[in-house]
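Take a look at the letters that make up each chain.
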Amino acid sequence: MSSRFHSVRLIEDKCRGCTNCLKHCPTEAIRVYDRRAHIIDERCIDCGECIRICDYHAKVAQTDTLEDIRRFPHPVALPAPTLYGQFRHLTDIGVVYDALIQIGFKEVADVSKGADVVTMAIRNAVKDPQRARPLISSACPTVTRIIQARFPALIPNIINLRQPMEIAARIARRDYAKAYGVKPQDIGIFFITPCAAKMTSIRSPIGHAVSAVDGAISIMEIYGHIHPLVSKIRPVGRRPGFSPLGIGWAGSGGEMEAAASRNSIAVDGIDNVIRVLEEVDNNTITDLDYFEGSACQGGCVGGPLNYENNYLARNTIRAIQENMPQTRPEQLVKTADLGHNSLYFDQPILPND
């Protein structure tokens, strides 16, 4: 397999050769020699486990910085719903929107809107009896790369839908260009990411040639910039353009609840995901319709680039859902968005041998 971009990087001066990362890597992508860890490009899936467990902070995720948004005349923030979970007792996400505008973004779109669109597309796919079973979610790029590397026979089971991040970015670019009469290429869409894998999927997309996202900034960095602002902004009761089910994708089981709750399972944590995929691959699990896999414990709220404890973050997300208008994806998603070719993969997913 040809070399690709990796967000996960090693800081050699900090590495002590302790082998902790080697023991926890799910694809055996790390070797330790000369008292230093070495990452094998072809095996690494950018899951971030080594970042999470390194006691010496020798593994980091290379992401964009807030300064990078200046490359575009019209930078747009695209926060993962996990971002809202970083602020305890938050009930109005509008204050986070306003804080993002204050630090330099011209507009804020939302991945949850893309999640609503993908939700509807998954519901349609699950009804198709000709589809392979179980259909496997494509939302977590780490899970897709695990399948490429260890379970290539399951590649046909991966649903041919782009990630909500990609769908939301296309909608955001289209809507901003129309609203302000600017060229699409002058708009920079920056995903605010909880994990390294999303950064990698922007630079090295799976299932399509070019990402609709221009960059990714870690939630940890953005949190540091906007945390002092959020408590000072008065909520104005902004009505979100997505459903509570859309924002629920932040936690494990949220996608399943929104799109395919019947005869489906949600599995979180990379080791747990691998164990279940082994059973699917061995045909000991054959009667499922849908499999939602999240590499991080608890789902995206457990990503290594988050600030808040994943259990508290999920509790905050739940409180936000309860305070939102109780709309549903079918009330908000336009038929045109479901029929658009950019919703689906345009390239095959190949095994990584």
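What comes next concerns the included structure.

Parameters at a glance
Residues numbered from 1 in each chain as written. Predicted model: local features only at pLDDT ≥ 70, side-chain atom pairs only at ≥ 80, totals over all residues. Heavy atoms only, no water. 1 Å grid on protein atoms, 1.4 Å probe; cavity = no way out; pocket = protein on both sides within 12 Å on 5 of 7 lines; lining within 4 Å. Points joined across faces, edges and corners; volume = space filled by probe spheres on them. Helix = DSSP H or I, 4+ residues; strand = E, 2+ residues; numbered from the N terminus. Buried < 20%, exposed > 50% of the residue type's maximum accessible area, 1.4 Å probe, protein only. Contact = heavy atoms within 4.5 Å. Pairing = 2+ DSSP bridges. Axes fitted to C-alpha atoms, helices over the stretch in contact; angles between N-to-C directions. Disulfide = S-S within 2.5 Å. Core = buried A, V, L, I, M, F, W, Y, C linked by side-chain atoms within 4.5 Å.

### Quick look at empty space enclosed by the protein
All chains considered together, the criterion is met by 6 cavities of 30 Å³ or more. Reported here for the largest cavity is a volume of approximately 350 Å³. If you trace the largest cavity, you find 27 residues lining it, with A139, C140, K198, W249 and C300 closest to the centre. Taken together, the elements giving at least two residues each to the lining of the largest cavity come down to α4 (111–126), α5 (141–150), α6 (164–180) and β11 (290–294). Per-element accounting of the lining of the largest cavity gives the leading share, 3 residues, to β11.

### Structural notes on the environment of C296
Within the secondary structure, C296 is located in the loop between β11 and α12 (310–323). According to the relative accessible area criterion, C296 is buried, its value standing at 10%. The sequence separation of C296 and N310 amounts to 14 residues, and the corresponding C-alpha distance is 9.8 Å. In this structure C296 touches R52, D268, G269, G302, G303 and P304, once residues within four positions along its chain are discounted.

### A few points about the sheet that holds strand β9 (residues 215–218)
Ordered by their spatial adjacency, 4 strands build an open sheet running β6-β5-β8-β9, and the pairing between neighbours is parallel. With one partner strand each, in any of the chains shown, β6 (107–108) and β9 form the two edges of the open sheet. Here 2 bridges tie strand β5 (residues 74–79) to β6, and the two strands are oriented parallel to one another. Paired with A77 across the strands is V108, a residue of β6. Relative to the sheet, α6 contacts β5, β6 and β8 (187–193), its axis offset from that of β8 by approximately 145 degrees.

### Section: the pairing of strand β2 (residues 30–33)
Two elements, β2 and strand β3 (residues 36–39), share 4 bridges in a ladder whose sense is antiparallel. Directly across from V32, in β3, lies its bridge partner A37. Connecting β2 to the next strand, β3, in antiparallel fashion are 2 residues, including D34 with a positive phi near 55 degrees.

### Brief notes about the state of the cysteines
Across all of its chains, the model carries 0 disulfides by this definition. Here C15 stays free of any disulfide, with the sulfur of C21 as its closest cysteine sulfur at 6.3 Å. Judged by its relative accessible area of 4%, C15 falls in the buried class. C18 provides the cysteine sulfur closest to C54, a residue in no disulfide bond, and the two sulfurs are 6.0 Å apart.

### Notes on the nonpolar core
Residues Y84, V96, L100, F105, I222 and I226 are the most contacted members of the largest nonpolar core, which totals 34 residues. Contributing elements (two or more residues each) for this core: α3 (94–102), β8, α8 (219–230) and α12. With near-sequence residues (within four places) excluded, I222 lies in contact with L66, L83, L100, I103, F105, I192 and I217. Counting residues in each nonpolar core, the second largest holds 25 residues, with C140, I155, V273 and L288 among its members.

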